[in-house]
There are 4 protein chains.
Amino acid sequence: MNKTKRAIFEAAVREFSERGYNGATMDEIALKARVAKGTLYYHFKSKEEIFSFVVVEGIKSMQAAISEINEMDLGSFEKIRLICKNQLTLSNDNREFFKVLISQIWGKENRQSEIRMLLNTYFREIEKVMEQAMSEGVVKKGNPKLMSFLFFGNLIATAIYEIVNNGVQSIDDTVNEIIELSLRGILA
Amino acid sequence: MNKTKRAIFEAAVREFSERGYNGATMDEIALKARVAKGTLYYHFKSKEEIFSFVVVEGIKSMQAAISEINEMDLGSFEKIRLICKNQLTLSNDNREFFKVLISQIWGKENRQSEIRMLLNTYFREIEKVMEQAMSEGVVKKGNPKLMSFLFFGNLIATAIYEIVNNGVQSIDDTVNEIIELSLRGILA
Amino acid sequence: MNKTKRAIFEAAVREFSERGYNGATMDEIALKARVAKGTLYYHFKSKEEIFSFVVVEGIKSMQAAISEINEMDLGSFEKIRLICKNQLTLSNDNREFFKVLISQIWGKENRQSEIRMLLNTYFREIEKVMEQAMSEGVVKKGNPKLMSFLFFGNLIATAIYEIVNNGVQSIDDTVNEIIELSLRGILA
Amino acid sequence: MNKTKRAIFEAAVREFSERGYNGATMDEIALKARVAKGTLYYHFKSKEEIFSFVVVEGIKSMQAAISEINEMDLGSFEKIRLICKNQLTLSNDNREFFKVLISQIWGKENRQSEIRMLLNTYFREIEKVMEQAMSEGVVKKGNPKLMSFLFFGNLIATAIYEIVNNGVQSIDDTVNEIIELSLRGILA
DNA sequence: GATGAATGAGCATTCATTCAT
DNA sequence: CATGAATGAATGCTCATTCAT
């Protein structure tokens, strides 16, 4: 990705996360990227294409992080802990992108179906970890698919938590608490 | 709410959930409600006002359900179980509205801040239940606010689960599994 | 056709004839029709639709004129003479529309194919007259289709003649000369 | 004209004839000519200049053909016959260019006025032939200017005939029929 | 000679809102 | 109460032209 395209990419992430897909304007993306509006169209065919690019890149990098951990020589338990921490931190560091993602899961437009498909491959990655952990007896036997969604729900919850009470608690503390609650439940 | 206003309300919920706030059009709402476009403006001041109305009504009814349960003569544990089940079912039955809600939590617009404020009062309601449960020793001591967000995260996760694998599992089974996992954690 | 739609129609004929399809702008049509730009889209779906409407209406009225003459109780020779005169006058009176037509016969766009199809039904009308005249022995046996095209070529030639030497000769004189030349040829 | 310029010229003729002046794009011309867009501007100052170049070249070659025939040692009658055949064939062989020409006779733009001026010199050439033929008694006394326009109208009619019924009749047959009809008229 | 990235003015189209009936 | 024609600001997108390499 060359310099101009990267500038557009970064501007787009910010704009989409602030205004959502429909609220975002090409004028504003161009302004934020400090290029002329025509330049957007030199590098991308349309607003939708910029959006897709943003989403694909983002999900790619979240998956890449999981794969990396999965290939480490660690037990299932440590892997799960590490993935939790890693993904929570990642979604927090790229809060802007994450908001784009979540606000566009719903709905009937093509780009929205596309996001759901991409997310599915992401979920499958989490599922695999859960399945391994189950077979190792680390995690209760159960529905690994549902677990992967709950995991994702936690990411979203954290994102909302952050946006509603912005910055009253360190992200590290939040992450640790969430991991504890998810792993061991809330009952005394 | 008279007949026409109710028709507009219901049309609006559907339209907003299908297209999001910006994607929704007054033309389409009028069409779905089978009234003339001008009629929308007789009953509401603007698109934003219709949207607010939809959101306030929805959150109101979710809160009402919790209050009702809270006033029952039950122990903390049973209350939590009941609220879980009730809210998961409610968010599933009103999936359309729920999608509107989630897609609009993010962003800087006024209506979005307003939603976050309304949600906060909802979270506070959940928090109270958690606090009571903690003082009764039913739930681990911890951060009740965070717990209320994780609870909400589970609602969202279920909604996504439903939309992605639409209808492969009965909602009752899903609800029970989620309650188990949330209460007791995933570890073996 | 109500008042507003008529105003748009007339503005469109002028604008398209002055600038061609691509050169014409919706802004200018709105200006000429003295309505807001949005009004164009209240009455027509798109620029193409305005264009189609203009063309269909125009060809319709040229065909109507021929049909009317065809139904009169006249001999073939008189009919041909009358149709020549009538169509030449008509195309001259609606020079603006006629220019729109001719400039858009060529090319691969949908609207252009559509025009050619409409013109074909027009040509067929002329053909019928020629066929009748042949069977009555008034016109030489030959290719009636080609004759109908030559007839149309004469209309165009007159239009060009008018535009190049604008107004140096009365249209009536021009018409009579053309009829003579077409009917009897140029040879001495 | 060097190789690159010729490639651009030929690409331009095709593009202009397919899309008209305004519909044609520099991008597409560059693509068709297999050169970079900037190269167009190395060889021509602007889109208008390419267009002018195309038109001037085309009319030049049609005039050249007439002059050549005019200089032959033939009677008026033979000359007219030869010119008819020659120009009809030429306009058919360069149908693409011819379409560009006709679609741009109309309208108020500078390039369109320019075309009309160039055409006038072309018409004058035809006129001369007619005048000579009249003085020799080969052609009826009359308006030689109008005759030259009718002649041009026949070229156009043939072009339309060709485009509408593409290729159902050999061009040679069409040409002969047209010459007959123009010279001797359609009456029996 | 030739290239292609970058530009920005211009354009078709959308849509929330108004208002006379 | 209800309507729907009319509005015009806003927006996605196109494309001729420029210019540094």
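Residues numbered from 1 in each chain as written. Chains lettered and ligands numbered in written order. Predicted model: local features only at pLDDT ≥ 70, side-chain atom pairs only at ≥ 80, totals over all residues. Heavy atoms only, no water.

- Chain A is annotated in an unreviewed UniProt entry as TetR/AcrR family transcriptional regulator from Inconstantimicrobium porci.

## Observations regarding the overall build of chain A
For step 1, the next point in the chain: Scanning chain A from terminus to terminus reveals nine helices and zero strands.
For step 2, the next point in the chain: From first element to last, N terminus to C terminus, chain A shows the α and β order α-α-α-α-α-α-α-α-α.
For step 3, the next point in the chain: Based on the C-alpha atoms only, the size of chain A along its principal axes is roughly 55 × 35 × 35 Å.
For step 4, the next point in the chain: Buried positions account for 54% of the 188 residues belonging to chain A. (Helix = DSSP H or I, 4+ residues; strand = E, 2+ residues; numbered from the N terminus. Buried < 20%, exposed > 50% of the residue type's maximum accessible area, 1.4 Å probe, protein only.)

## Description of the arrangement of the chains
For step 1, the next point in the chain: What separates chain A from chain D at the closest point of their C-alpha atoms is a distance of 12 Å, and the two make no contact.
For step 2, the next point in the chain: At the C-alpha level, the nearest point of chain B lies 32 Å from chain D, with no contact between them. (Contact = heavy atoms within 4.5 Å.)

## Brief notes about the protein's contact with DNA strand E
For step 1, the next point in the chain: Near DNA strand E you find 30 residues, and of these A:Thr4, A:Thr39, A:Tyr42, A:His43 and D:Thr39 are the closest.
For step 2, the next point in the chain: A breakdown of the atoms of DNA strand E within 4 Å of the protein gives sugar and phosphate a share of 68%.
For step 3, the next point in the chain: Note that a phosphate oxygen of DNA strand E is positioned 3.1 Å from one of the backbone N or O atoms of A:Ala36.
For step 4, the next point in the chain: Here a phosphate oxygen of DNA strand E sits 2.9 Å away from a polar atom, N or O, in the main chain of C:Met26.
For step 5, the next point in the chain: If you list the elements that add at least two residues to the surface near DNA strand E, you get α3 (37-43) of chain A, α3 (37-43) of chain B, α3 (37-43) of chain C together with α3 (37-43) of chain D.
For step 6, the next point in the chain: Its residues assigned to classes, the surface near DNA strand E shows twelve nonpolar, twelve polar and six charged. (Near = heavy atom within 4 Å. Polar contact = N/O pair within 3.5 Å; in protein donor to acceptor, adjacent residues only side chain to side chain. Nonpolar A, V, L, I, M, F, W, Y, C, P; charged D, E, K, R; others polar.)

## A closer look at the UniProt feature "DNA-binding region" (unreviewed entry) in chain A
For step 1, the next point in the chain: Mapped onto this numbering, the UniProt entry annotates "DNA-binding region" (unreviewed entry) at residues 25-44 of chain A.
For step 2, the next point in the chain: Along residues 25-44 of chain A the backbone is 75% helical and 0% strand, and the end-to-end C-alpha distance reaches 14 Å. (UniProt positions renumbered as here; feature names shortened; annotations may be inferred.)

## Considering the interface of chain D and chain C
For step 1, the next point in the chain: Every contact between the two is made by 50 residues of chain D and, on the other side, 51 residues of chain C.
For step 2, the next point in the chain: Between chain D and chain C, roughly 5,000 Å² of surface is buried when both sides are summed, and carbon and sulfur atoms account for 70% of that area.
For step 3, the next point in the chain: Three residues, D:Trp106, D:Ile186 and D:Leu187, lead the burial of chain D against chain C; their summed loss comes to 16% of the area buried on that side.
For step 4, the next point in the chain: Here chain D is connected to chain C by four salt bridges.
For step 5, the next point in the chain: When the shortest N-O distance is used, the salt bridge between C:Glu18 and D:Lys108 registers 3.4 Å.
For step 6, the next point in the chain: Joining chain D to chain C, the criterion identifies eleven residue pairs in polar contact (both at pLDDT 80 or more).
For step 7, the next point in the chain: Mapped by element, the contributors of at least two residues to the side of chain D that touches chain C are α1 (3-23), α6 (95-103), α7 (110-135), α8 (144-164) and α9 (171-184) of chain D.
For step 8, the next point in the chain: Of the residues forming the side of chain D that touches chain C, the biggest block, 15 residues, is contributed by α8(D). (Buried area = accessible area lost by both parts, 1.4 Å probe. Salt bridge = Lys/Arg side-chain N within 4 Å of Asp/Glu carboxyl O.)

## Description of the UniProt feature "domain: HTH tetR-type" (unreviewed entry) in chain A
For step 1, the next point in the chain: On the UniProt side, "domain: HTH tetR-type" (unreviewed entry) is annotated at positions that read residues 2-62 of chain A here.
For step 2, the next point in the chain: Strand forms 0% of residues 2-62 of chain A and helix 85%; the C-alpha atoms that close the span are 22 Å apart.

## Description of the protein's contact with DNA strand F
For step 1, the next point in the chain: By nearness alone, 30 residues border DNA strand F, and A:Lys37, B:Thr39, C:Thr39, C:Tyr42 and C:His43 come closest of all.
For step 2, the next point in the chain: Each atom of DNA strand F within 4 Å of the protein was assigned to sugar, phosphate or base; sugar and phosphate come to 70%.
For step 3, the next point in the chain: At 3.1 Å from a phosphate oxygen of DNA strand F is found a side-chain nitrogen or oxygen belonging to B:Thr4.
For step 4, the next point in the chain: Here C:Ala36 contributes a backbone N or O atom positioned 3.0 Å from a phosphate oxygen of DNA strand F.
For step 5, the next point in the chain: When residues of the surface near DNA strand F are traced back to their parent elements, those giving at least two are α3 of chain A, α3 of chain B, α3 of chain C together with α3 of chain D.
For step 6, the next point in the chain: The biggest single contributor to the surface near DNA strand F is α3(B), with five residues.
For step 7, the next point in the chain: When grouped by side-chain class, the residues that make up the surface near DNA strand F number twelve nonpolar, 13 polar and five charged.

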